[in-house]
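Each chain is listed here by its residues.
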Amino acid sequence: MWLEIGFGGGEHLAWQAEHNPDVALIGAEPFINGVASLLGLIDRQGLNNIRIYQDDAADLMDALPEASIARCFLLFPDPWPKRRHHKRRFVRPENLDRLARILADGAEFRAATDHMEYGRWMLWHLLAHPAFDWPAEAAADWRFRPADWPQTRYEAKAAKDGRSSLYFSFRRRNRAQ
Ligand SMILES: C[S@@+](CC[C@H](N)C(=O)[O-])C[C@H]1O[C@@H](n2cnc3c(N)ncnc32)[C@H](O)[C@@H]1O
């Protein structure tokens, strides 16, 4: 089972569902227009392996069983650039604890942003968390989007406005035996 947090218009989630028909995908998105857009894609493409949670992903994560998710996507979360709003950022210790609980050992956590300061924030918080590892070895590992990761609507807008993006792939460390 894979999870996408804040799927926006749903184009990435629908692409993953189409290309991974044996995987069950859950998308969490409170924005109703985004949900409507994804429902249109599901309908047009005849997808049957997506379930939608139309609310805060944190509540969904609390309801999911431990070690139940094999891959999680957090693509271009709201950057909340003002310092006084940083506590609203999705990447924060309590959400990483939630994620660490539901991810299976060795699961991948993909996160992307076009906001360089949020990118540094993501890295700092993930590297400080005992459950996560960042296996990147070279700049190409975070500067280029892997082939099985289609561009989202938000990323396309950032590129059009001249902003490049960061693509992180973290691993959930194995639980202690
Ligand atoms: C900047 S948009 C990016 C959308 C999409 N991932 C993309 O790349 O096009 C961030 C999205 O996260 C959603 N979001 C914000 N907080 C959320 C939360 N707590 N749980 C789930 N989704 C959330 C917003 O509604 C919004 O659609």
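This text goes with the structure placed above it.
Analysis parameters
Residues numbered from 1 in each chain as written. Predicted model: local features only at pLDDT ≥ 70, side-chain atom pairs only at ≥ 80, totals over all residues. Heavy atoms only, no water. Near = heavy atom within 4 Å. Polar contact = N/O pair within 3.5 Å; in protein donor to acceptor, adjacent residues only side chain to side chain. Areas by Shrake-Rupley, 256 points an atom, 1.4 Å probe, with all protein chains shown as cover. 1 Å grid on protein atoms, 1.4 Å probe; cavity = no way out; pocket = protein on both sides within 12 Å on 5 of 7 lines; lining within 4 Å. Sits in = over half its atoms within 2 Å of the grid points. Nonpolar A, V, L, I, M, F, W, Y, C, P; charged D, E, K, R; others polar. Patch = residues over 30% accessible without salt bridge, like charges linked within 9 Å, V, L, I, M, F, W, Y side chains within 5 Å. Salt bridge = Lys/Arg side-chain N within 4 Å of Asp/Glu carboxyl O. Lys, Arg positive; Asp, Glu negative; His and termini not counted. Charge placed at Lys NZ, Arg CZ, Asp CG, Glu CD. Helix = DSSP H or I, 4+ residues; strand = E, 2+ residues; numbered from the N terminus. Buried < 20%, exposed > 50% of the residue type's maximum accessible area, 1.4 Å probe, protein only. Pairing = 2+ DSSP bridges. Contact = heavy atoms within 4.5 Å. Axes fitted to C-alpha atoms, helices over the stretch in contact; angles between N-to-C directions. Phe/Tyr/Trp six-rings, centres within 6.5 Å; stacked < 30°, edge-to-face > 60°. Lys NZ or Arg CZ within 6 Å of the ring centre and 35° of its normal.

Q: Outline the site of the ligand, supporting the account with residue identities and numerical values.
A: Neighbouring the ligand are 18 residues; Gly6, Glu29, Asp56, Leu75 and Thr152 lie closest to it. Contacts to the ligand include Gly6, whose backbone N or O atom sits 2.8 Å from a nitrogen atom. When the ligand is considered free in solution it has 590 Å² of accessible area, and contact with the protein chains removes 82% of it. Using a 2 Å cut-off from the grid points, one finds that the ligand occupies the largest pocket. Along the lines of polarity and charge, the residues of the shell around the ligand split into 9 nonpolar, 3 polar and 6 charged.

Q: Can you lay out a positive patch on the surface for me, pointing to particular residues and giving the numbers?
A: Taken together, the side chains of Lys82, Arg84, Lys87 and Arg88 make up a positively charged region of the molecular surface. Mapped onto the secondary structure, Arg88 falls in the loop between strand 4 (69-75) and helix 4 (93-102). By relative accessible area, Arg88 is classed as partly exposed at 45%.

Q: Can you break down the pattern of salt bridges residue by residue, with the values?
A: Taken as a whole and assessed by the stated rule, the structure comprises 15 salt bridges. A salt bridge links Arg89 to Glu117; the nearest nitrogen and oxygen atoms lie 2.6 Å apart. Within this pair, whereas Arg89 is found in the loop between strand 4 and helix 4, its partner Glu117 is found in helix 5 (residues 116-128), the two being separated by 28 residues in sequence. Note on Arg89: relative accessible area 0%, which makes it buried. One continuous salt-bridge network, built from bridges that share partners, spans Arg71, Glu108, Arg110 and Asp148.

Q: Give a detailed account of the sheet that holds strand 4, specifying residues and quantitative values.
A: Read from one edge to the other, the open sheet built from 7 strands follows the order 3-2-1-4-5-7-6, with strand pairing classed as mixed. Strands with a single pairing partner mark the edges of an open sheet, and in this sheet they are strand 3 (50-53) and strand 6 (132-133). Sheet analysis places strand 2 (residues 25-28) next to strand 3, joined by 4 bridges and oriented parallel. Its bridge partner being in strand 3, Gly27 is matched across the sheet by Ile52. Across the sheet, helix 4 touches strand 1 (2-5), strand 4, strand 5 (103-113), strand 6 and strand 7 (166-172), and the angle it forms with strand 5 is around 140°. Along the sheet, helix 5 makes contact with strand 5, strand 6 and strand 7, crossing strand 7 at roughly 10°.

Q: Give a detailed account of the packing of aromatic side chains, specifying residues and quantitative values.
A: How two aromatic rings sit relative to each other is set out by the distance from centre to centre and by the angle between their planes. According to the stated counting rule, one finds 9 aromatic pairs in the structure shown. Centre to centre, the rings of Phe76 and Tyr154 are 5.7 Å apart; their planes meet at 35°, and the pair counts as tilted. Placement of Phe76 in the loop between strand 4 and helix 4 and of Tyr154 in helix 7 (residues 153-160) is noted, with a sequence separation of 78 residues between them. Its relative accessible area of 7% is what places Phe76 among the buried residues. Ring centres 6.2 Å apart and planes at 50° place the aromatic pair Phe109 and Phe132 in the tilted group. Linking Phe109 in strand 5 with Phe132 in strand 6, this pair joins segments that are 23 residues apart in sequence. Accessibility assignment for this pair places Phe109 and Phe132 in one class, buried. Put simply, the rings of Phe109, Phe132, Trp134, Trp142, Phe168 and Phe170 touch in pairs and so form one group of aromatic residues. Here the basic side chain of Arg71 rests over the ring of Trp2, its NZ or CZ set 4.5 Å away from the ring centre. Directly above the aromatic system of Trp80 lies the positively charged group of Arg88, at a separation of 4.8 Å from the ring centroid.

By themselves, these figures tell us nothing about what the structure is for.
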